[in-house]
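What follows is the residue order along each chain.
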Amino acid sequence: MTLALLLALVAIVIIMAMHSRGQVPWGNKMRRIRAGVASKAEWMAPDDVVDCVREDYLAAVRWMGDNMLASWPHQWSGALNYLSGPYLKRFRMGTPFLSGERSRAVGILRADHQVTVRCFSEDGESCLVIDHQSQRRMATYDARTHERVMTQDLGDGALVYRMRYDVESGRWKIHDFIQELPPGWGEQPRGRIREMTALPSTLGRDN
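For every chain, the first residue of its written sequence is number 1, and the numbers climb from 1 along that sequence. At least 70 in pLDDT is required for a residue's local features to be given in this predicted model, at least 80 for side-chain atom pairs to be given and counted, and no such filter applies to totals for whole chains, interfaces and linings, which use all residues. Based on all heavy atoms of the structure, the side-chain values leave hydrogens and waters out of the count.

1. Considering the overall build of the protein
Here a helix means four or more residues in a row that DSSP labels H or I, a strand means two or more in a row labelled E, and each is numbered from the N terminus. Of the regular secondary structure elements, the protein holds 5 helices and 7 strands. Along the protein, from the amino end to the carboxyl end, the secondary structure elements read α-β-β-α-α-α-α-β-β-β-β-β. Only protein chains enter the calculation, and the probe is 1.4 Å; a residue is then buried if its accessible area is under 20% of its type maximum, exposed if over 50%, and partly exposed in between. By residue count, 36% of the 207 residues in the protein fall in the buried class. Sequence-distant contacts, at least 24 apart, represent 54% of the contacts inside the protein between residues at least 6 apart. Two residues qualify as a contact provided that any one of their heavy atoms is within 4.5 Å of a heavy atom in the partner residue.

2. A look at the packing of aromatic side chains
Note on ring pairs: Phe, Tyr and Trp rings are taken, using the six-membered ring of Trp, and paired if centres are within 6.5 Å. Classes follow the plane angle, with under 30 degrees stacked, over 60 edge-to-face and the rest tilted. Counting across every chain of the model gives 9 aromatic pairs. Aromatic pair Trp-63 and Phe-91: ring centres 5.6 Å apart, planes at 50°, arrangement tilted. Remark: Phe-91 occurs in helix α4 (residues 85-93) and Trp-63 occurs in helix α2 (residues 47-67); sequence separation between them is 28 residues. Residue class for Trp-63 comes out buried when judged on its relative accessible area of 10%.

3. Focus: the environment of Gln-135
Assignment of secondary structure puts Gln-135 in strand β4 (residues 126-142). Judged by relative accessible area, Gln-135 falls into the exposed class, the value being 52%. Counting along the chain gives 25 residues from Gln-135 to Arg-110, while the straight-line C-alpha distance between them is 7.9 Å. Excluding its chain neighbours within four sequence positions, the residues that come into contact with Gln-135 are Arg-110, Ala-111, Asp-112 and Asp-156.

4. Examining unusual backbone geometry
One non-glycine residue with positive phi stands out, namely Cys-119, at about 50°. Structurally, the position occupied by Cys-119 is in the loop between β3 (105-118) and β4. Overall, the relative accessible area of 18% leaves Cys-119 in the buried class. Phi is positive for Gln-135, close to 55°, though the residue is something other than glycine.

5. Some words on the confidence of the model for the protein
Residue-level confidence of the predictor, termed pLDDT, takes values from 0 up to 100. With 72% of its residues at a pLDDT of 70 or more, the protein has an overall mean of 79. Segment residues 5-22 is flagged for pLDDT under 50; beyond a separation of four residues in sequence, or across chains, it makes 2 contacts in the model. Taken as a whole, residues 202-207 scores under 50 in pLDDT and shows 1 contact with residues more than four places along the chain or in a different chain.

6. Quick look at α2
Take the residue count of a helix, subtract one, and multiply by 1.5 Å to get its expected span. The terminal C-alpha atoms of α2 lie 30 Å apart, and with 21 residues this matches the ideal 30 Å at 1.5 Å per residue to within 8%. All of the buried residues along α2 are Val-49, Val-50, Val-53, Asp-56, Tyr-57, Ala-59, Ala-60, Val-61, Trp-63, Met-64 and Asn-67.

7. Remarks on the pairing of β4
Across the 17 residues of β4, 12 count as buried, placing the element largely inside the fold. With 13 bridges connecting them, β3 and β4 associate as antiparallel partners. If you follow Asp-112 over to β4, its bridge partner there is Ser-134. Between β4 and strand β5 (residues 148-153), which pair antiparallel and follow one another directly, the connecting turn spans 5 residues, one of which, His-146, has a positive phi of 65°. DSSP bridges decide pairing: two strands pair if at least two such bridges lie between them.

8. Details of α4
Of the residues making up α4, those classed as buried are Tyr-87, Leu-88, Phe-91 and Arg-92. Seen end-on, α4 carries its buried residues on one side only, within an arc spanning 130°. It is the directions from the helix axis to the C-beta atoms that the arc portrays.

What follows is the structure in structure tokens.
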């Protein structure tokens, strides 16, 4: 009888642990902004969480820029600290370990970043980051000598990424690239981001 009771208590503890796994500390502090307004309502986390998202995103961008010329084992191990999901897979596919012989040319994007954090999930575990990039320039380096070969001006742009919180490491990581926004998007304050899983039936050349 005592053994059965003990096993039941252990089972309850395990179920409770599995239920709480992945929940973030600010999950019950999420707020709905512009609630009731069609196509404009979204979830937002507390300001300190938004600041952490911004800082962790910029840290990831700096790490990628500083390590593109590093050895692939260094890139492979370091990426775990800043990237996750599809974006981590895409990054690793570009390393010689999976892609074969390393390219002679390596491009490194440098820009000034103005980061906006938007559209949290209801559970607070993921969100979107809009990276408004100005003074964008692509510097191309010789992968063997690390000498810069050329620099190309790319103009301004805005890119959208999904960030996801990693409970184990206690930091936000770039989880996926969503899209590059069309030119002029930033001129319309707080433009709406729409994620579509399928094209509308009315979309076509004759509509």
